[in-house]
Amino acid sequence: WQAKHIWNSEVLPSSADVPLGQLIIRAGQPVPELLTRPHSIWFLETSGRNQLSSRELCAVESAAMYNPNNTVYFLITNQRYLHLEDFFADSPLDDLWKTGSVHRSSWPVSHLSDLLRYLVLYKFGGTYLDTDSISLRSLPEFPNFVGVEYSSIGSLGAGALRFEKGHEIIKKIIERLSTEFDGSQWGWNGPGLLSSVMQESCHVTDLQSWPVSCSQVEIGEQDWFYAVNWRNVDLFFTGNLEYLETAYRNSYIAHIWGSKIRSRRLTAESPLFQLLRKHCPLTASYLIDD
């Protein structure tokens, strides 16, 4: 099917013409991308596109380069690759998906991404990274981690997450998401719910006072994954490389806020391009033409 409802220029992808289960039967073996594997890094594309941008390829290259012992997966919800009804089937989010609440959401593509990132970690475990997350070095070795997105208000980000399969936090997120999904709020189903579950589990009353860890989950400071906030993306284009490198000196990830800079062209002089070419050398030459 093709979603008929369009809000904010977001349209859900079509389902596959042939369900995943039939593809597996025809192939005679399991689909490798959906097998449970240790040390997995997951990326998602939920708009229905069948190709990746050079900036997304940079994210994949840098993740693979700095984490050579991890398997990097990129799940694409285009009809050729991932059949959504099969993926949600027999999961705690199956009923939610069947109600059509995601399809009627004000941000269906973003909210599908929220559901899938949590469901992937629930089913398989591993690390989820947004497609605008450029790895700057090896990821933390903690078995479970999250990171503060904006220290001024203490909110947690959902753009870089690691959870072991079966972890109580991801179970609680999935459980609450199945009953508390809200299609009218952009951030609730992703960072909002994550912050709420962690706050409850950590017995935190002040979001600006997160512990270093709780419930066996390491809570990284803003510098870990979101050193440059989306409010400051002009620095990617008008600042200088030295400033960016200083800002990211304690970072594992440079979250470059793709939706905020999508229409902005990178040039060879852009501080962001000068940073990225160090961390995705194979795709760097394509970035300035993206």
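The structure reproduced in this document is the subject of the present report. (Residues numbered from 1 in each chain as written. Predicted model: local features only at pLDDT ≥ 70, side-chain atom pairs only at ≥ 80, totals over all residues. Heavy atoms only, no water.)

1. Things to note about the overall build of the protein chain
Assigned secondary structure in the protein chain consists of 13 helices and nine strands. Out of the 290 residues belonging to the protein chain, those deemed buried represent 53%. When contacts within the protein chain are restricted to residue pairs at least 6 apart in sequence, long-range pairs at least 24 apart make up 73% of them. In the form shown here, the protein chain has an accessible surface area of approximately 13,500 Å², with 49% of it arising from carbon and sulfur atoms. (Helix = DSSP H or I, 4+ residues; strand = E, 2+ residues; numbered from the N terminus. Buried < 20%, exposed > 50% of the residue type's maximum accessible area, 1.4 Å probe, protein only. Contact = heavy atoms within 4.5 Å. Areas by Shrake-Rupley, 256 points an atom, 1.4 Å probe, with all protein chains shown as cover.)

2. Comments concerning the pairing of strand 1 (residues 40–45)
Counting buried positions over the six residues of strand 1 gives six, a clear majority of the element. Every second residue of strand 1 is oriented toward a common face, with S40, W42 and L44 on one face and I41, F43 and E45 on the other, all of them buried. Relative to strand 2 (residues 71–76), strand 1 runs parallel, the two sharing six bridges. Bridge pairing links E45 to I76 in strand 2. Bridging between strand 1 and strand 3 (residues 126–129) involves two bridges; their strand directions are parallel. When the bridges of strand 3 are listed, W42 appears paired with Y128. (Pairing = 2+ DSSP bridges.)

3. So, the packing of aromatic side chains
Scanning the model with the defined rule gives twelve aromatic pairs in all. Their ring planes at 25° and their centres at 4.7 Å tell us that W42 and Y73 sit as a pair that is stacked. One end of the pair, W42, is in strand 1; the other, Y73, is in strand 2, with 31 residues separating them in the sequence. W42 gets classed as buried once you look at its relative accessible area, which sits at 0%. Look at Y73 and you get buried, because its relative accessible area is 6%. Among the aromatic residues, those joined into a cluster by ring pairs are F142, F145, W224, F225, Y226, Y252 and W257. (Phe/Tyr/Trp six-rings, centres within 6.5 Å; stacked < 30°, edge-to-face > 60°.)

4. Digging into the pairing of strand 3
Bridging between strand 3 and strand 6 (residues 155–163) involves four bridges; their strand directions are antiparallel. Directly across from L129, in strand 6, lies its bridge partner A160.

5. Some remarks on the state of the cysteines
Two cysteines whose sulfur atoms are joined by a covalent bond form what is called a disulfide. As enumerated under the stated definition, the model contains two disulfides in all. Disulfide partner of C58: C280, at an S-S distance of 2.1 Å. On the S-S bond that ties C58 to C280, the torsion sits near -80°, and the link is left-handed. Remark: C280 occurs in the loop between helix 12 (271–279) and helix 13 (284–287) and C58 occurs in helix 2 (residues 54–66); sequence separation between them is 222 residues. Residue class for C58 comes out buried when judged on its relative accessible area of 1%. Shown here for the protein chain is a disulfide pattern of 1-4, 2-3, where each number marks a bonded cysteine counted in sequence order. (Disulfide = S-S within 2.5 Å.)

Read these as geometric descriptors, not functional statements.
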